[in-house]
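Here is what each chain is made of, one letter per residue.
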Amino acid sequence: MAYHKRSLDHKIDYGIITPVFCLLVIGLLAVYVATYHDYPKNLAKVMVQQLLWIGFGSLFAFVLMFFSTKFLWKLTPFLYALGLVLMVLPLLFYSPQLVAATGARNWITIGSVTLFQPSEFMKISYILALARLTVWFKGKSKRLTFKDDWKLLGLYLFLTLPVMVLLGLQKDLGTAMVFLAILVGVVLISGISWWLILPITFGVLVAIIAFFLIFTFPQGKDFFFKIGMDAYQINRISAFLTPFEFSETIAYQQTQSMISIGTGGIFGKGFNHLDLPVPVRESDMIFTVIAENFGFIGSAILLMLYLLLIYRMLKVTFESNNLFYTYISTGFIMMILFHIFENIGAAIGILPLTGIPLPFISQGGSALISNLIGVGLILSMNYQHILAGEIESEQQLRRSYRYDY
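Residues numbered from 1 in each chain as written. Predicted model: local features only at pLDDT ≥ 70, side-chain atom pairs only at ≥ 80, totals over all residues. Heavy atoms only, no water.

Novice: In this structure, what is going on with the overall build of the protein chain? I would like to understand it.
Specialist: Looking only at helices and strands, the protein chain features 15 helices and 2 strands. Here the C-alpha atoms of the protein chain give a radius of gyration of 23 Å, agreeing with the 22 Å that 2.2 N^0.38 yields for 405 residues. For the protein chain, the spread of C-alpha atoms along the three principal axes comes to 85 × 50 × 45 Å. Within the protein chain, the proportion of its 405 residues that are buried is 46%. Counting only contacts in the protein chain whose residues sit at least 6 apart along the sequence, the fraction spanning at least 24 positions is 71%. (Helix = DSSP H or I, 4+ residues; strand = E, 2+ residues; numbered from the N terminus. Rg over C-alpha atoms; globule rule 2.2 N^0.38 Å. Buried < 20%, exposed > 50% of the residue type's maximum accessible area, 1.4 Å probe, protein only. Contact = heavy atoms within 4.5 Å.)

Shown next, in the form of structure tokens:
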């Protein structure tokens, strides 16, 4: 029994668990401060919910760690199909009040109870599906031709298009950008020729530049509104481009966020000390709480924890030497990186607001559990790699024993 415990401990990567644990603790403290100042009557309820979500997510991560590569491979198509089915539900069961407030129909709400956001779990299913597809396709041929690169891109599009259509119907542009970031990460390491990637990248950059040029024209906003762009999306971009011109209206959240972060200074104002009101700072704007309470030093420590986590995930990926897990890890790392970049970038005013939560920090069950499931996949990678090594060592020992006798 003691040997089994030592063996299990040996297979768990505490280098990944430690930064995740620290981030979760920081998240609990930040959510406590935000709720204490903004919704003091709901403080106990919010904290209990956050602890329960951490508990559920950690349990899922622990169970997932024991999934074998073969089982995960077989399970992936079912998870992808289930994810698509779940993403249809917010179009049928939603809260008109929540849609009016956020502009998106991405949460399942039945009656007065908001359950969860299916797209958060679809991110994990999508990462698994991309990884499985890539390994399967590359396994068909030892050397891919330029024509094969186009085929692989076509298959990626086949997997991505249903997700994007559903996100379009939900009007959830922010989450759609996360899926694109995941896709970009997998494409970059899939072996597709740079002669194909570079022109596509150039075309995307030209399209982005053209969009912002047209948007800044006098009739640009009207043009985009007429072709179907939602008013709340236009307002968010306007607030991003010239925030202090709209500081009392559409850019109030972003300008308050920037001022709040600035007032934190180098060392911050101290724990549980907030002076400025910032809308939705318990979730989308949680970084403002950390910056105002703990200043530049606290914010830097937060970023260092993220860097440590990503470093450890990369290290495990390289050591595992398993293509399926490599693509899974790449997708999850891109997902985390985009969340960090977009959330903090929006908070400090260098990116538009998209409603993207900060991983392991923001209040909310769907994103938190999804992130912990992703951590479970990385832990599974390390567990299975060490387990395979132990089995191989035992087999070599048995072969050596037979040879000697």
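Novice: Mind showing me how you'd approach the packing of helix H9 (residues 194–216) against helix H11 (residues 231–241) here?
Specialist: Packed helices, taken two at a time, are described by the angle their axes make and the gap between the axes. Look at H9 against H11: their axes get within 12 Å of each other, and the N-to-C directions meet at 90 degrees. The angle between H9 and H11 falls in the class roughly perpendicular. Of H11, the residues touching H9 (which contributes Phe211, Phe212, Phe215 and Thr216) are Ile234, Ile237, Ser238, Phe240 and Leu241. When its residues are assigned to classes, the contact of H9 with H11 shows 7 nonpolar, 2 polar and no charged. (Axes fitted to C-alpha atoms, helices over the stretch in contact; angles between N-to-C directions. Parallel < 35°, antiparallel > 145°, perpendicular 65-115°, else oblique. Nonpolar A, V, L, I, M, F, W, Y, C, P; charged D, E, K, R; others polar.)

Novice: Is there a simple way to explain helix H2 (residues 14–38) in this structure?
Specialist: Each α-helix turn comprises 3.6 residues. Residues three or four places apart therefore point the same way. Here H2 spans 35 Å end to end across 25 residues, near enough to the 36 Å set by a 1.5 Å rise per residue. Listed as buried for H2 are Ile16, Pro19, Val20, Leu23, Leu24, Gly27, Leu28, Ala30, Val31, Val33, Ala34 and Thr35. (Expected span 1.5 Å × (residues − 1).)

Novice: Got a minute to help me understand the packing of helix H13 (residues 286–320) against helix H14 (residues 323–347) in this structure?
Specialist: Relative orientation of the contacting elements H13 and H14 amounts to 165 degrees, with a least axis distance of 10 Å. Judged by the inter-axis angle, H13 sits roughly antiparallel to H14. Every pair of crossing elements has a handedness; the one defined by H13 and H14 is left-handed. Between H13, through Phe287, Leu303, Tyr306, Ile310, Met313, Leu314, Thr317 and Ser320, and H14, the contact on the second element is made entirely by Tyr325, Thr326, Ser329, Phe332, Ile333, Leu337, Ile340, Asn343, Ile344 and Ala347. The residue makeup of the contact of H13 with H14, split by class, is 13 nonpolar, 5 polar and no charged. (Left-handed = near helix turned anticlockwise from the far one by under 90°.)

Novice: Sorry if this is basic, but what is going on with the confidence of the model for the protein chain here?
Specialist: The predicted coordinates should not be examined in detail at positions where pLDDT is low. Per-residue pLDDT for the protein chain averages 88, and the proportion of residues at 70 or more is 94%. Segment residues 1–6: pLDDT under 50, and 0 contacts once partners within four positions in sequence are set aside and those in other chains are kept. (pLDDT = per-residue confidence, 0-100.)

Novice: Sorry if this is basic, but what is going on with the side chain of Ser370 here?
Specialist: Assignment of secondary structure puts Ser370 in helix H15 (residues 365–404). The class of Ser370 is buried, set by a relative accessible area of 0%. Here Ser370 is in contact with Glu120, Phe121, Ile124 and Met335, once residues within four sequence places are set aside.

Novice: Before we go on, may I ask you to explain unusual backbone geometry in this structure?
Specialist: A negative phi angle is the norm for most residues apart from glycine, just as the trans form is the norm for most peptide bonds. Even without being glycine, Lys171 reaches a positive phi, approximately 60 degrees. Among the structural elements, Lys171 can be located in the loop between helix H7 (146–170) and helix H8 (173–189). For Lys171, a relative accessible area of 37% puts it in the partly exposed group. For Val280, which is not a glycine, the phi torsion comes out positive at approximately 55 degrees.

Novice: Looking at this model, I keep getting lost on helix H12 (residues 252–263). Mind explaining?
Specialist: Spanning 12 residues, H12 covers 16 Å between terminal C-alpha atoms, matching the ideal 16 Å at 1.5 Å per step. Within H12, the full set of buried residues consists of Gln253, Gln254, Thr255, Gln256, Ser257, Ser260 and Ile261. Tucked inside the fold, the buried residues of H12 contact H11, H13 and H14.

Novice: What's the story with the nonpolar core in this structure? I'm lost.
Specialist: In this structure, Ile16, Tyr156, Val163, Ile328, Phe332 and Phe360 are the most contacted members of the largest nonpolar core, which totals 93 residues. Excluding anything up to four places from it in sequence, Ile16 contacts Leu309, Arg312, Met313, Val316, Val375, Ile378 and Leu379. One finds Phe215, Phe224, Met229 and Ile237 within the second-largest nonpolar core, a separate group that totals 5 residues. (Core = buried A, V, L, I, M, F, W, Y, C linked by side-chain atoms within 4.5 Å.)

Novice: Quick question: what am I supposed to make of the pattern of salt bridges here?
Specialist: For side chains bearing opposite charge, pairing can occur when the charged atoms are close. Taken as a whole, this structure holds 6 salt bridges when the rule is applied. Here Arg312 makes a salt bridge to Asp13, at a shortest N to O gap of 2.9 Å. Separated by 299 residues along the polypeptide, Arg312 in helix H13 and Asp13 in the loop between helix H1 (2–11) and H2 bring together distant segments of the chain. Its relative accessible area of 6% is what places Asp13 among the buried residues. In the salt-bridge network here, residues are joined through shared partners; they are Lys269, Asp275 and Glu292. (Salt bridge = Lys/Arg side-chain N within 4 Å of Asp/Glu carboxyl O.)

Novice: I'm lost on the packing of aromatic side chains in this one. Help?
Specialist: Centre distance and the angle of the planes are the two values used to describe a pair of aromatic rings. According to the stated counting rule, one finds 16 aromatic pairs in the structure shown. Ring geometry for Trp73 and Phe324: centres 5.1 Å apart, planes at 70 degrees, overall edge-to-face. Of this pair, Trp73 sits in helix H4 (residues 69–92) while Phe324 sits in helix H14, placing them 251 residues apart in sequence. Residue Phe324 is classed as buried on the basis of its relative accessible area, which comes to 3%. By the ring-pair criterion, three or more aromatic residues cluster together here, those being Phe211, Phe212, Phe215, Phe223, Phe224 and Phe240. The side chain of Arg105 reaches across the aromatic face of Tyr94, ending 4.2 Å from its centre. (Phe/Tyr/Trp six-rings, centres within 6.5 Å; stacked < 30°, edge-to-face > 60°. Lys NZ or Arg CZ within 6 Å of the ring centre and 35° of its normal.)

Novice: How should I be thinking about the environment of Gln97 in this particular structure?
Specialist: Looking at the secondary structure, you find Gln97 in helix H5 (residues 96–102). At a separation of 3.1 Å, a polar atom in the side chain of Gln97 contacts the side chain of Ser95. (Polar contact = N/O pair within 3.5 Å; in protein donor to acceptor, adjacent residues only side chain to side chain.)

Novice: Is there a simple way to explain the side chain of Gln170 in this structure?
Specialist: Summarising the element assignment, Gln170 is placed in helix H7. Judged by relative accessible area, Gln170 falls into the buried class, the value being 1%. For Gln170, the residues in contact, after removing those within four places along its chain, are Met87, Pro90, Leu91, Ala104, Arg105 and Asn106.

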